[in-house]
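# Structural features, examined
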Amino acid sequence: MMIICSENGKVGITTAMEVLKARGSALDAVEAGIRLVEANAEDHSVGLGGYPNLLGAVELDASLMDGSTRMSGAVGAIKGFAHPISIARAVLEKLPHVLLVGEGAERFAREMGFEEREMLTEAAAAAWREKLLRVMDAPTLAELPERRDLWRWVQLSSDPQRSGGTTNFIAMDSIGNLASGVSTSGWFAKYPGRLGDSPIIGAGNYADSRYGAATCTGMGEMAIRAGTARSAILHLQQGASPEEAGRRVMEDLDTLGGPYLSGMNVLILDAQGRHAGMTSHAEGRNYLVLDEAMTAPETFTRTLIATRQHWQGA
Ligand code: ASP
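Residues numbered from 1 in each chain as written. Predicted model: local features only at pLDDT ≥ 70, side-chain atom pairs only at ≥ 80, totals over all residues. Heavy atoms only, no water.

As a structural note, the neighbourhood of the ligand is formed by twelve residues, with Gly-165, Thr-166, Arg-194, Asp-197 and Gly-218 the closest of them. Contact between the ligand and Thr-166: an oxygen atom at 2.6 Å from a side-chain N or O atom of the residue. Within the contact set of the ligand, an oxygen atom lies 2.7 Å away from a side-chain nitrogen or oxygen of Arg-194. Protein coverage of the free-state accessible area of the ligand, which is 270 Å², stands at 97%. Using a 2 Å cut-off from the grid points, one finds that the ligand occupies the largest cavity. (Near = heavy atom within 4 Å. Polar contact = N/O pair within 3.5 Å; in protein donor to acceptor, adjacent residues only side chain to side chain. Areas by Shrake-Rupley, 256 points an atom, 1.4 Å probe, with all protein chains shown as cover. 1 Å grid on protein atoms, 1.4 Å probe; cavity = no way out; pocket = protein on both sides within 12 Å on 5 of 7 lines; lining within 4 Å. Sits in = over half its atoms within 2 Å of the grid points.)

The next point concerns the packing of helix 3 (residues 84–94) against helix 4 (residues 102–111). Close contact between helix 3 and helix 4 brings their axes to 10 Å; oriented N to C, the two are set at 80 degrees. Relative to helix 4, the element helix 3 is oriented roughly perpendicular. For the pair helix 3 and helix 4, contact is made by Ile-87, Ala-90, Val-91 and Lys-94 and by Ala-105, Phe-108 and Ala-109, respectively. Residue composition of the contact of helix 3 with helix 4, grouped by class: six nonpolar, no polar and one charged. (Axes fitted to C-alpha atoms, helices over the stretch in contact; angles between N-to-C directions. Helix = DSSP H or I, 4+ residues; strand = E, 2+ residues; numbered from the N terminus. Parallel < 35°, antiparallel > 145°, perpendicular 65-115°, else oblique. Contact = heavy atoms within 4.5 Å. Nonpolar A, V, L, I, M, F, W, Y, C, P; charged D, E, K, R; others polar.)

Glancing now at empty space enclosed by the protein. Scanning the entire structure with this criterion turns up one cavity of 30 Å³ or more. Here the largest cavity is characterised by a volume of approximately 70 Å³. Forming the boundary of the largest cavity are 13 residues, of which Thr-166, Gly-186, Trp-187, Arg-194 and Gly-218 lie nearest the centre. For the lining of the largest cavity, the class distribution of residues is one nonpolar, nine polar and three charged. (Points joined across faces, edges and corners; volume = space filled by probe spheres on them.)

Take the packing of aromatic side chains next. Inspection of the entire model under this criterion finds two aromatic pairs. A centroid spacing of 5.8 Å and a plane angle of 75 degrees characterise the contact between Tyr-51 and Phe-188, whose relative ring orientation is edge-to-face. Pair noted here: Tyr-51 is in the loop between helix 2 (26–38) and strand 2 (60–66) and Phe-188 is in the loop between strand 6 (178–184) and strand 7 (205–208), with a separation of 137 residues, a long-range link. Here Tyr-51 matches Phe-188 in class, with each residue buried. With a centroid separation of 5.6 Å and an interplanar angle of 25 degrees, the aromatic rings of Tyr-287 and Phe-300 are classed as stacked. Taken together, the residues Tyr-287 in strand 12 (residues 286–291) and Phe-300 in strand 13 (residues 298–301) connect sequence positions 13 residues apart. Overall, the relative accessible area of 25% leaves Phe-300 in the partly exposed class. The cationic tip of Lys-131 hangs over the ring face of Phe-188; the distance from NZ or CZ to the ring centre is 4.9 Å. (Phe/Tyr/Trp six-rings, centres within 6.5 Å; stacked < 30°, edge-to-face > 60°. Buried < 20%, exposed > 50% of the residue type's maximum accessible area, 1.4 Å probe, protein only. Lys NZ or Arg CZ within 6 Å of the ring centre and 35° of its normal.)

One non-glycine residue with positive phi stands out, namely Arg-23, at about 70 degrees. Note that Arg-23 resides in the loop between helix 1 (10–21) and helix 2. Among the residues examined, Arg-23 registers a relative accessible area of 64% and is labelled exposed. A positive phi is found at Ala-189, a non-glycine position, where the angle reads about 60 degrees.

With that settled, consider the pairing of strand 1 (residues 2–6). Judged by how many residues are buried, strand 1 sits mostly within the fold: five of five residues are covered. Bridging between strand 1 and strand 5 (residues 167–172) involves four bridges; their strand directions are antiparallel. Along strand 5, the bridge assignment pairs Ile-3 with Ala-171. In terms of strand pairing, strand 1 meets strand 12 through five bridges, oriented antiparallel. (Pairing = 2+ DSSP bridges.)

The following block contains the structure:
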């Protein structure tokens, strides 16, 4: 039994392991761990307290994948619900679909009786205002909802180096099944309705119990374009170690072109329980590992694989 997660998963990793020890499934453990990150208002990249979009609304994305069946559930751009990861799980369990977004996802969540709440905290609202006032004046900020050139402001306000964050969990349960989950508020000041890689199966999340599971954080558009999480598992299938699979997907991300290239992070756990973490951001990025024999999570340093980064504002 093992859990690996991004560093901000610290608030949930021990609970996730307790779920596994109580004979819960990998999917149960991933959901339980992520719910605690979603409830942590101090984390401005996931759930409650997450930074809002350009218009000041918190829009959340989440996905879950069961590696034993490759059944998946995801929600995107959902507003006003406390636990998108659990709504994603309900999509997996109750619907023939994989991904619901926006109003449809909210309607489904209401039908399923999920807890509704305002997800914008005072701290996140203040940060939104303060950050946007660095690139626009107060009258412009006030008229943003009516403006016809919102698209221009996205290029200025969402600096990918400072705007992101997301939580990743991967679990292996007592019968060797894998599950993976991702939850995020996405980029600060994203265009309303924007989805990143987190709710896109194959981009930010993929699990196949035969080979392994992979999850991403970082500039979601890049992971969508490169099919990063799915590619990592294909490398495992072809015999690569997690470290090698991670290196290859990072090298592939480095071949992307265009004006908007930023940092990416990948976590991989294979079917043998070997793990790896990659980052293209900077030295000193970590991830956490907890297996059933350990009394506390251990911190591992992600391998730094530099990729080209440049951001062309308007
Ligand atoms: N991957 C997330 C997204 O693109 C953000 C992040 O991980 O920083 O929405």
